[in-house]
Amino acid sequence: MRELHEGPMDEKKQSIIDKLVDEGIFKIDGKQLYELPIYTLLKQYTELHEQ
């Protein structure tokens, strides 16, 4: 069986998800974070830290 290797974008997405979870955000617009595209995650993270 082949092992799956995450690419740099997958690692970045996971990093952003981890940071959002640390801030207490588990869903955006009713969807789990892992279901969302990286653009949406980055937007939420940026908006959270602009305040």
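In what follows, the accompanying structure is described. Worth saying up front: this structure is predicted, and the values here are computed from it rather than measured.

What about helix H1 (residues 8-22)?
So, step 1. For H1, spanning 15 residues, the distance from its first C-alpha to its last is 21 Å, which sits close to the expected 21 Å at 1.5 Å a residue.
So, step 2. Residues of H1 that are buried include every one of Ile 16, Ile 17 and Leu 20, and no others. The buried residues of H1 occupy an angular sector of 100° when the element is viewed end-on, so they sit on one face. Opposite its buried face, H1 presents the exposed residues Pro 8 and Asp 22, each directed more than 90 degrees away.
So, step 3. In this structure, the buried side of H1 is in contact with strand S1 (27-28) and helix H2 (38-50).
So, step 4. Count one or two residues on from H1 and you reach Gly 24, which has phi positive near 90°.

Here is what the cut-offs are and how they apply
- Residues numbered from 1 in each chain as written.
- Predicted model: local features only at pLDDT ≥ 70, side-chain atom pairs only at ≥ 80, totals over all residues.
- Heavy atoms only, no water.
- Helix = DSSP H or I, 4+ residues; strand = E, 2+ residues; numbered from the N terminus.
- Expected span 1.5 Å × (residues − 1).
- Buried < 20%, exposed > 50% of the residue type's maximum accessible area, 1.4 Å probe, protein only.
- Arc of directions from axis to C-beta.
- Contact = heavy atoms within 4.5 Å.

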